[in-house]
Protein chains: 2
Amino acid sequence: MKHPAVIRPAEHAEWRTDKMGKSTLFESPRLLVGLNAFEPGQSHALHEHAGMDKLYYVVEGEGLFLLEGTELPMRAGDALVAPEGVAHGIRNTSGARLLVMAVLAPSPSAH
Amino acid sequence: MKHPAVIRPAEHAEWRTDKMGKSTLFESPRLLVGLNAFEPGQSHALHEHAGMDKLYYVVEGEGLFLLEGTELPMRAGDALVAPEGVAHGIRNTSGARLLVMAVLAPSPSAH
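Cut-offs applied
Residues numbered from 1 in each chain as written. Chains lettered and ligands numbered in written order. Predicted model: local features only at pLDDT ≥ 70, side-chain atom pairs only at ≥ 80, totals over all residues. Heavy atoms only, no water. Pairing = 2+ DSSP bridges. Helix = DSSP H or I, 4+ residues; strand = E, 2+ residues; numbered from the N terminus. Axes fitted to C-alpha atoms, helices over the stretch in contact; angles between N-to-C directions. Contact = heavy atoms within 4.5 Å. Buried area = accessible area lost by both parts, 1.4 Å probe. Salt bridge = Lys/Arg side-chain N within 4 Å of Asp/Glu carboxyl O. Polar contact = N/O pair within 3.5 Å; in protein donor to acceptor, adjacent residues only side chain to side chain. Nonpolar A, V, L, I, M, F, W, Y, C, P; charged D, E, K, R; others polar. Least-squares fit on C-alpha atoms with pLDDT ≥ 70 in both. Phe/Tyr/Trp six-rings, centres within 6.5 Å; stacked < 30°, edge-to-face > 60°. Core = buried A, V, L, I, M, F, W, Y, C linked by side-chain atoms within 4.5 Å. Buried < 20%, exposed > 50% of the residue type's maximum accessible area, 1.4 Å probe, protein only.

1. Regarding the sheet that holds strand β6 (residues 70-75) of chain A
Residues and elements named next belong to chain A.
- Within the open sheet, the 4 strands sit side by side as β3-β8-β5-β6. Their pairing is antiparallel. This sheet does not close on itself; its edge strands, each paired only once, are β3 (43-47) and β6. The average undirected angle you get between the axes of adjacent strands in this sheet is 25°.
- Across 3 bridges, β3 lies against strand β8 (residues 88-91) in antiparallel orientation.

Quick look at the structure:
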């Protein structure tokens with residue numbers, strides 16, 4: 001993808017039947033902007049990033065943000081920040097597709 | 001704001017009559033997640049960030065992304081990445097409020 005340009009995230013989602021689909025909208029050493037695409041029932045298990053902060057923004061659908069010891073219902077338009085070292089994940093508990101923008105700073109490729 | 005928690009961006013917007021309103025959702029040396037709130041007619045002039053990449057995501061409303069020599073119509077759900085050194089701005093050309101999430105990596109405070 002060439003930048004700057006208007007990005008319609010849903011047009012870049014990768015949907016997979018076997019697991020969460022991932023795609024990249026932008027990547028530099030400083031910043032990774034990606035999409036996590038969850039069919040109904042799919043999830044991204046609790047994980048954490050050393051030295052990286054993560055922003056989630058729910059583009060489409062609804063489900064749960066997974067955190068250490070708790071789960072938070074979320075829907076399109078909601079965001080969540082997992083600062084470095086804070087475990088986080090996502091589960092699509094709904095009957096429809098869930099698309100989440102995932103922003104990491106710095107980029108994992110810089111490590 | 002305490003993190004991680006579910007964030008509804010519109011609840012944190014700061015609207016001003018005199019100029020674009022700015023608020024911060026999260027800030028670390030690695031990442032700044034903020035909101036730019038534009039009443040009809042308000043704008044953020046073309047500017048650039050040395051050594052920082054910026055992601056815009058349109059939360060609510062519609063208007064224009066300003067770029068060097070061009071303007072791109074945008075609306076809620078659209079995103080744009082301005083890599084470091086690429087001039088960018090926003091103008092609310094609509095008759096309704098325009099709310100844009102602005103993500104910078106690394107944070108200006110780290111410079």
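2. A look at the environment of K19(A)
- Locating K19(A) in the fold gives a position in the segment before β1 (21-27).
- Spatially, the C-alpha atom of K19(A) lies 16 Å from that of G34(A), the residues being 15 residues apart in sequence.

3. What about the interface of chain B and chain A?
- Taken together, the 35 residues of chain B in the interface contact 35 residues of chain A.
- For the pairing of chain B and chain A, the buried interface totals around 2900 Å² over both sides, and the portion due to carbon and sulfur atoms is 70%.
- The tally of links from chain B across to chain A stands at 4 salt bridges.
- When the shortest N-O distance is used, the salt bridge between D53(A) and R30(B) registers 2.9 Å.
- In this assembly, chain B and chain A are joined by 8 residue pairs in polar contact (both at pLDDT 80 or more).
- Where the side of chain B that touches chain A is concerned, the elements lending two or more residues are β4 (53-60), β5 (62-67), β6 (70-75), β7 (79-82) and β9 (98-105) of chain B.
- When grouped by side-chain class, the residues that make up the side of chain B that touches chain A number 25 nonpolar, 4 polar and 6 charged.

4. Points about the relation of the copies chain B and chain A
- Each copy of the sequence occupies a distinct position, and chain B is placed on chain A by a rotation of 180° and an axial shift of 0.0 Å, giving an RMSD of 0.0 Å. Viewed as a symmetry operation, the transformation between the two copies matches a two-fold axis. Identified as the residue of chain B closest to the rotation axis by C-alpha distance is A105(B), at 3.1 Å.
- Both copies share a contact surface, since 100% of the interface residues of chain B are interface residues in chain A too.

5. With respect to the packing of aromatic side chains
- All told, the structure shown has 3 aromatic pairs over all chains when counted by the stated rule.
- Ring geometry for Y57(A) versus Y57(B): centroids 4.5 Å apart, planes at 50°, classification tilted. A residue pair is termed interchain when its members come from two chains, as with Y57(A) in strand β4 (residues 53-60) and Y57(B) in strand β4.
- When the ring of Y56(B) is compared with that of F65(B), the centres are 5.7 Å apart and the planes differ by 15°; the resulting orientation is stacked.

6. A closer look at the nonpolar core
- Counting residues in each nonpolar core, the largest one holds 34 residues, and the members touching the most others are M101(A) and M101(B).
- Excluding its chain neighbours within four sequence positions, the residues that come into contact with M101(A) are L25(A), V33(A), G34(A), L35(A), L55(A), Y56(A), Y57(A), V59(A), L55(B) and Y57(B).

7. With respect to the environment of A13(A)
- Residue position: A13(A) is located in the segment before β1.
- For A13(A), the residues in contact, after removing those within four places along its chain, are S23(A), L35(A), A37(A) and L99(A).

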